[in-house]
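# Structural overview
Letter by letter, the chains look like this.
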Amino acid sequence: MASAQDAGRGWSMAGRCLTALVGGYAAAAGLATLLARLLPVARVEATAWGMILSFLFYAAFGLWAFHEPRLARVASVIWGSAIVTGGAALLLGVRP
Amino acid sequence: MSLEVALFGYAGFANLARGRGREFRTAPAERSRARIIGWLLILASFLAALLRFGPYQAVPAWLAWLSVSGVILVLILSRWPRLAALPWMPMTAAALVLCFL
Amino acid sequence: MRQSMAWIHGWLGLLAGWILFAMFVTGTASYFRPEITRWMQPEYRPRPVGNAEAARTAVAWLQKNAPHDEQWTIYLPNERTLATRVFTRARPSPDPKAPRAPRRPETRLDPATGVPVEARETRGGEFFYRFHFQLQLPHPWGRWLAGLCAMFMLGAILSGVITHKRIFADFFTLRWSKGRRSWLDAHNVSAVLALPYHAMITYTGLITLVVMYTPWPILANYAQPAVFSASLYADTASQKASGQPGRLADIGRLVEAASAEWQGARVSRVIIGNPDDASSTVTLLRSSDDRLNARSASITYAGVSGERLSASPAPGPAIETAGVMLGLHLGWFAGPLLRWVCFLLGLTGCAMVATGLVLWAVKRRKPGAKPFFGLSLVDRLNIGAIACLPAGMAAFLLANRLLPPMLAGRADLEVSAMFWTWFGLAGLSLLRPARRAWIEMLTLSALLFAAIPMVDLVTIGGGAFDGFFLAFDGTMVLLAVVLGFAAWRLARRPVDAARPRRRVSLAVSEVREAMDVA
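Residues numbered from 1 in each chain as written. Chains lettered and ligands numbered in written order. Predicted model: local features only at pLDDT ≥ 70, side-chain atom pairs only at ≥ 80, totals over all residues. Heavy atoms only, no water.

### Re a nonpolar patch on the surface
On the surface, Leu 18, Leu 21, Val 22 and Trp 79 of chain A together with Leu 148 of chain C cluster together into a nonpolar patch covering about 400 Å² of accessible area. By the secondary structure assignment, Leu 21 of chain A is in helix H1 (residues 2-38). For Leu 21 of chain A, a relative accessible area of 34% corresponds to the partly exposed category. (Patch = residues over 30% accessible without salt bridge, like charges linked within 9 Å, V, L, I, M, F, W, Y side chains within 5 Å. Areas by Shrake-Rupley, 256 points an atom, 1.4 Å probe, with all protein chains shown as cover. Salt bridge = Lys/Arg side-chain N within 4 Å of Asp/Glu carboxyl O. Helix = DSSP H or I, 4+ residues; strand = E, 2+ residues; numbered from the N terminus. Buried < 20%, exposed > 50% of the residue type's maximum accessible area, 1.4 Å probe, protein only.)

In structure tokens:
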């Protein structure tokens, strides 16, 4: 039925938007944090590089979320990246 | 006074526009010459910026001046196409003079 | 790829466009932040004094009026900013349950006498500057919203470049009076020709508040986040007060010492931590007017003894990059001519956003058909955001001249004038058909800008006019002309139901943008 299809598309779009906006931020933050934590340069330098690049990561994730047609793929990659990078950063703990 | 960066830029863009022959007609023989002159003038614009602002500030200052001269060229080009590219030679001369002032 | 990018470009641009337009306009105005403040306090003609003296008088005032605060920040005057600006941060209340003290606005002091500037009370250029990144919303919501819009802008720039098929072929193309095609040309020209600027201003804008937007890397690398800022520049908040009272040494001497250490470079800022304490510190920041990196060197002295404690470390590449990005956004390095260039580029950015918003509506309008609700909504929001905001800004300046100089609370009234005018006109425009609303609002904006020099002359008087006021009022006249031209061009076209409703040319849009700056 048209309305059910529309409703389905509506939810799918909402999910994509949420993934791009929130998931994208989480993934970008996670990636930036992991980069800052692992980059083998001075602590203050690594922190700065992570922060500087974070917006680029966010934009890339966000745009890709709307470029890739398969929502399942988008969700798994973005949320997955967020969890993996964030989790890794948490497990690694604060830089000694 | 860093006007020469913009003057070179305007003249350069004007020649690039002549080189395309789309906004107004240019003889085909003229076109490749105009393109070469255009790029040389853009380079001159960058060198003038380097001279005026020093290596550190040259790139942002150059891009800023270049953008503005591009916008002005397009505005004039859209309304008075033949007039837009006309002054490129006096502009280049003026720019050369300003470089050394 | 192009299709998906075109789609996302349209939506990112639309959803953030109205706020982005306001950010671009107020941001462009902020290139002349101190000039606007100076215009809004015309009776203030200070006697210029050296930095050391200005610091002394400021400290004297602070010792009388905020002796027990946690941190004093003093922005020393320069050629453009005539007064000394001081900010104070109160000690946090020992009661953990007490609400946080609200951030206090700045106080402007006369550099020679150290007393608050005796001129009409006004926010000045600071108002546009703060609006630019806080959007008049309470902290932190304004900054978050501005940041989100900036992210949308970044996405729009990237997707716009990817989607633009013939970016070089269309480089010089601008066709007037061709309806939809003209709007697209205008959007392309304003966006592509100044693309380096737009990309730079957007990314560096995000960087200015990066510590707020992405603090996580700091948390991953530092057990105590305060150590991060301490290793960059002196943040005296982390310094503990010893509890013993202490008296500050002569500030002027420290200013001169630092300036000497920097081969004569000016001191731009003085930060004093725990001023009434024995362990007070004085950090002096070097002016960054001559360089791209806005985060300049600092030297810290002990407050009581005047002993030199430390200097900021030479920045590594990442920190230098961040500093340069900040400097590019603020544009302090620009001399007068280059500053006007940045201003023009900012206007081009306003044009880009506005033409994009209008294009969105024009593309979806079907000639002769009644517009669907979303289209009407976008149309109306466009009018409110693009045509009514300039009127509001003009009203802010007019209110400055028209309100009695001695009136209490006039600073807030000026701000109210701006918002009441802006939103009031936006509301009124709903009562008119869209096309008429565009013409009328633009005309009104033009008239308000034209009124500024006239009101100026009447209230301030010709005798007080010098080159500065002439230049400022001259700019207002230019803005009025440009706005009026836009309204006139719009009014010229006959309304024909068979043709696309708005056959406006680029001039209108370019103009509409140019006007929005004080």
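### Quick look at the sheet that holds strand E5 (residues 281-286) of chain C
All names here are of chain C. Reading across the sheet, the 7 strands line up as E3-E2-E1-E4-E5-E6-E7 and stay open at both edges, with antiparallel pairing between neighbours. Whereas interior strands pair on both sides, the edge strands pair on one side only; in this sheet they are strand E3 (107-109) and strand E7 (308-311). The mean inter-strand angle of the sheet, taken between neighbouring strand axes irrespective of direction, is 20°. Relative to E5, strand E4 (residues 267-273) is paired through 6 bridges, and the arrangement is antiparallel. Each residue of the ladder has a partner; that of Val 267, found in E5, is Arg 286. Contacting E4, E5, strand E6 (298-302) and E7, helix H11 (residues 251-261) crosses the sheet at an angle of about 145° to E6. (Pairing = 2+ DSSP bridges. Axes fitted to C-alpha atoms, helices over the stretch in contact; angles between N-to-C directions. Contact = heavy atoms within 4.5 Å.)

### Some points on the pairing of E6 of chain C
Residue and element names in this part refer to chain C. In terms of burial, E6 is largely enclosed, as 5 of its 5 residues are buried. Here E6 shows two buried faces, one formed by Ser 298, Thr 300 and Ala 302 and the other by Ile 299 and Tyr 301. The sheet contact formed by E5 and E6 spans 5 bridges and is antiparallel. Within E6, the residue paired with Thr 281 across the bridge is Ala 302. As paired elements, E6 and E7 share 3 bridges and run antiparallel to each other. Counterpart to Ile 299 in the pairing with E7 is Ala 311. What sits between the antiparallel neighbours E6 and E7 is a turn of 5 residues, in which Gly 306 has the positive phi angle 80°.

### Looking at unusual backbone geometry
Residue and element names in this part refer to chain C. Cis geometry is found at the peptide bond from His 139 to Pro 140, where omega equals 0°. Of note, Pro 140 is situated in the loop between helix H4 (125-134) and helix H5 (141-163). Of note in the backbone geometry, Leu 135 takes a positive phi value of approximately 55° without being a glycine. Mapped onto the fold, Leu 135 is located in the loop between H4 and H5. For Leu 135, a relative accessible area of 11% corresponds to the buried category. At Gln 136, a position not held by glycine, the phi torsion is positive, near 60°. Checked against the element boundaries, Gln 136 lands in the loop between H4 and H5.

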